[in-house]
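Working through the structure, step by step
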Amino acid sequence: MKKRAAIVAVIAVAAVGAIALWQNKRDVERQSHALAESVRRVTKLSTVEMNVSNWQLRRDSKQLLGFLPFDCEKTVAVFYRGKVAAGFDISATATSVSIAFDHSRKQVSVQLPAPTILYIDVPAPELLIADGSLCNSLSPEDYTRLHADARSAVETEAISAGVLTRAQEHAKELLTEVARPLGYVVQ
């Protein structure tokens, strides 16, 4: 839902810029400047969101009750899910964003920074404890560590699944659709 909202917002901003450009066809320099400013005004361009879910079996060895010299095995199944958004942080790298127009060939060249992870939303993981023994009690520190591990796992899985590549592909599609009504082709 957030992906659609972000894309709609970007398309709306681009559409306003496109309409302004279309109405002022005679002034080619004004068109170039308006489209470039439309893209620059979007500080974070989220082009793709990915949902990730998985589970891990975690085993830790600890002393019984935390201080008795008897080792006991703690076994916990951790089920996690999360949402990862990838795209371009244009505000942080404004110097690496460039838009060039070739009016005679009706081509636009857009250079964006490398895509990055813009946010990761991971709710607290669901835990399934193997048994209710003293060995399997969870401390607040255990729970905090499991949540941090789940967040890291969601990010790693999203990157492995190609979220950054998909972000770059979607950005090219978006820019192509914005330039097409103006008669331009994106390079």
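Preceding this section is the structure that the text describes.
What comes next concerns the included structure. (Residues numbered from 1 in each chain as written. Predicted model: local features only at pLDDT ≥ 70, side-chain atom pairs only at ≥ 80, totals over all residues. Heavy atoms only, no water.)

1. Focus: the pattern of salt bridges
The condition is simple: One speaks of a salt bridge when a side-chain nitrogen belonging to Lys or Arg is within 4 Å of a carboxyl oxygen belonging to Asp or Glu. Numbering of helices and strands starts at the N terminus; helices are DSSP runs of H or I of at least 4 residues and strands are runs of E of at least 2. Accessible area is worked out with a 1.4 Å probe on protein chains only. A residue is then buried under 20% of its type maximum, exposed over 50%, and partly exposed in between.
Following the criterion strictly, the structure yields five salt bridges and no others. Across the salt bridge formed by Asp-142 and Arg-145, the nearest N and O atoms sit 3.4 Å from each other. With a gap of three residues between them, Asp-142 and Arg-145 both fall in helix 3 (residues 140–160), about one helical turn apart. A relative accessible area of 33% means that Arg-145 is categorised as partly exposed.

2. Brief notes about the packing of aromatic side chains
Defined as follows: Note on aromatic contacts: the rings of Phe and Tyr and the six-membered ring of Trp form a pair at centre separations within 6.5 Å, being stacked when their planes are under 30 degrees apart, edge-to-face when over 60 apart, and tilted otherwise.
Considering all chains together, one arrives at two aromatic pairs under this definition. When the centroid spacing of 5.8 Å and the interplanar angle of 85° are considered together, the rings of Phe-101 and Tyr-184 count as edge-to-face. Separated by 83 residues along the polypeptide, Phe-101 in strand 3 (residues 98–102) and Tyr-184 in the loop between helix 4 (163–179) and strand 7 (185–186) bring together distant segments of the chain. Residue classification places Tyr-184 among the buried positions, given a relative accessible area of 7%.

3. With respect to the sheet that holds strand 3
To keep things clear, this is the line we draw: At least two DSSP bridges between two strands are required for those strands to pair.
Spatial strand order, 3-4-7: three strands in an open sheet with mixed pairing. Both outer strands of the open sheet, strand 3 and strand 7, are each paired with one neighbouring strand and no more. The pairing of strand 4 (residues 107–111) with strand 7 spans two bridges and is classified as parallel. Note that in strand 7 the partner of Gln-107 across the bridge is Val-185.

4. Describing the environment of Gln-56
Operational definition: Throughout, a contact is declared for two residues whenever any of their heavy atoms are within 4.5 Å.
Tracing the chain through its elements places Gln-56 in strand 1 (residues 44–64). In this structure, Gln-56 is in contact with Val-76, Ala-77, Val-78, Tyr-80 and Ala-153, ignoring residues within four places of it in sequence.

5. Quick word on helix 3
Stated precisely, the cut-off is as follows: Expected helix span is computed as 1.5 Å times (number of residues minus one). Note that the arc is defined by the directions from the helix axis to the C-beta atoms.
For helix 3, built from 21 residues, the straight-helix expectation of 30 Å at 1.5 Å per residue is met to within 8% by its first-to-last C-alpha distance of 30 Å. Those residues of helix 3 not exposed but buried are Asp-142, Leu-146, Ala-150, Ala-153, Val-154 and Ala-158. Seen from one end, helix 3 has its buried residues packed into an arc of 135°, which puts them on one side. In this structure, helix 3 carries Pro-140, Glu-141 and Thr-144 as exposed residues pointing more than 90 degrees from its buried face. Positioned one or two residues after helix 3, Gly-162 has a phi angle of 90°, which is positive.

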